[in-house]
Amino acid sequence: MSKVIPVADAVEIVPDGAMVAVNSSSGLCCPDAVLEALGARFDRTGHPRNLTTVHPIAAGDFFGTKGVDHIAKPGCLARIIGGSYPSGPTNAEPPLIWRMITGNEAKAYNLPSGVIFDMLREGAGLRPGVLTQVGMDTFVDPALEGGAMNAAAAADPIVTRREFDGREWLYFKSLCPDVAIIRATTSDQRGNLGFESEGAYLGAVEMALAAHNNGGKVIAQVRRVTANGSLRPHDVHVPGILVDHVVEAPDMLQTTATPHDPAISGEVIRPLDSFALPEFGPQKVIARRVAQELEAGWAVNVGFGVSANVPRIFLEEGHHGAVTWVIEQGAVGGIPLLDFKFGCASNAEAFVTSPHQFAYFQAGGFDCSLLSFLEIDADGSVNVSRLSATPHRTAGAGGFVDITARAGKIVFSGTFNAGSKTRVEGGRLIIDREGHTAKFVKKVDQVSFSGIRARSLGQKATYVTERCVVELMPGGPTVTEIAPGVDLKRDILERADMDLRVADNPREMDPALFHPCPFGLAP
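The notes below deal with the structure included here. This structure is a prediction, so every number in the text was calculated from the model and none was measured. (Residues numbered from 1 in each chain as written. Predicted model: local features only at pLDDT ≥ 70, side-chain atom pairs only at ≥ 80, totals over all residues. Heavy atoms only, no water.)

**Considering the sheet that holds strand S23 (residues 382-383)**
Under the convention used in this document: Whether two strands pair depends on DSSP finding at least two bridges between them. Secondary structure elements follow DSSP: runs of H or I no shorter than four residues count as helices, runs of E no shorter than two count as strands, and numbering proceeds from the N terminus.
Overall, mixed pairing links the three strands, which are arranged S23-S22-S29 in an open sheet. The sheet is open, and its two edges are formed by S23 and strand S29 (440-441), each paired on a single side. Relative to S29, strand S22 (residues 375-377) is paired through two bridges, and the arrangement is parallel. When the sheet's bridge partners are listed, Ile 376 is paired in S29 with Phe 440.

Dropping the structure here:
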């Protein structure tokens, strides 16, 4: 019997009060047609009501994939547990989900993406929950905020501290979804799913297992349906025994604003000279200096922001392949893409599931992580997850907390302050206009990374800006390098809202970084 049914029929299985898990990363793998049909059903009938939705990584974007916004309606959505949320430009209209969060209309939580996958895995195994030290001393810790994004969530905590085997842990109860909504490229009529045109697996099989093993249902959105027996067993990533209903969406986007790019899914290898290189300027200087922190043979995690340009610095300098880039959505190798296609890589060497990638990250199995910052404080702590003035501009923590929990070396990068106008000319940094908001502050608005904990664990943290390089030392953040053309007192110390320490003999940043020609990277 075929499992393929109309999407409007598929969403009828979602009952009131259900926990619904959604496998997506912005537009990547987002089952948007199913979410749209679920929202339309609520508009038409008033059901399903009081849903809890689970999103290890955000569902939806600002560029044609509404995702969770289809169901972000009072009465329909009562609670949301997300590793990240749709994010976009400051001047854009906030998504409906952010209006519900800031309006306290639904309980909203921001937990580490990898931990949410762990909670689903434990639910699939009918185990009680997750004991982990990921998130200790950050906003996830109940000693701080417990991951609550609003007052409604704070009144209903979902993480506690527990003592076990002589140590303290964070405890997260298992997630046991009533419905899992996943996406693939191809299904046969029995529901066997192939991902040949997708840019990641994310957590599709783990999410399906969590629903199926708890008596729930699994809905799979696919681009096309093929005959039984036409998929090779090695090409089936989610077996049909876990899938209840299949719906076709032939026009679905591959990822954000992208109908189909075969290099994202590994169907073709893109020529290296087709990748745009960063324009010369202060942000490129930052990316170049970050590149100098890396060594050949390393496996390096890359996050969103300035650091996402570092793979292209390696390409420009003739060292593509000297390090292997790894991203939380599951791509290993290749060149991670930029902006709101972030989460995809062209020319990847392998795709692993996000839960496996996060297990690799949480244990510190990689060599270095390159991440961004919104704020840095006197303890060396970093805020990357909350921008109070415009919440929808940041996606929340995503995998940041998982990645930094035990990373041996972390390089944070960003501009020294917000709103400044700078340029590079004649091998020197020129500051034409000072910024309006300091990023080096006495206390961060939210602790996404704890500098105090990092020092206790012996983690090495470096903060790279266009003006200076700062190292996390026993006494706190310390300026160790200064850009050519920058005055230490006027342009750095007086522009920080904290007492930055200065090394005894701060060096000048490599002058070659400040000239447009290749600078001689030697990883």
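Continuing now.
**Observations concerning the sheet that holds strand S12 (residues 224-226)**
Strand order in the open sheet formed by four strands is S12-S9-S10-S13, and the pairing between neighbours is mixed. The open sheet is flanked by S12 and strand S13 (236-238), the only strands paired with a single partner. For strand S9 (residues 186-188) and strand S10 (residues 193-194), the ladder comprises two bridges, and the chain directions are antiparallel. Looking at the pairing, Thr 186 lines up with Gly 194 of S10.

**Re helix H9 (residues 354-362)**
Operational definition: Burial here depends on accessible area, computed with a 1.4 Å probe over protein chains only, as a share of the maximum for the residue type. Under 20% is buried, over 50% is exposed, and the range in between is partly exposed. Each direction from the helix axis to a C-beta atom contributes to the arc, which is the arc of those directions.
Residues of H9 that are buried: Ser 354, Pro 355, Gln 357, Phe 358, Phe 361 and Gln 362. All buried residues of H9 lie within an arc of 155° about the axis, which places them on one face of the element. Downstream of H9 by one or two residues, Gly 364 has phi in the positive range, about 70°.

**Some points on unusual backbone geometry**
With an omega of 0°, the peptide bond between His 47 and Pro 48 qualifies as cis. Within the secondary structure, Pro 48 sits in the loop between helix H2 (32-45) and strand S2 (51-55). The phi angle at Asp 165 is positive, at roughly 55°, despite the residue not being glycine. Here Asp 165 is to be found in the loop between strand S6 (159-164) and strand S7 (167-173).

Geometry only, nothing functional implied.
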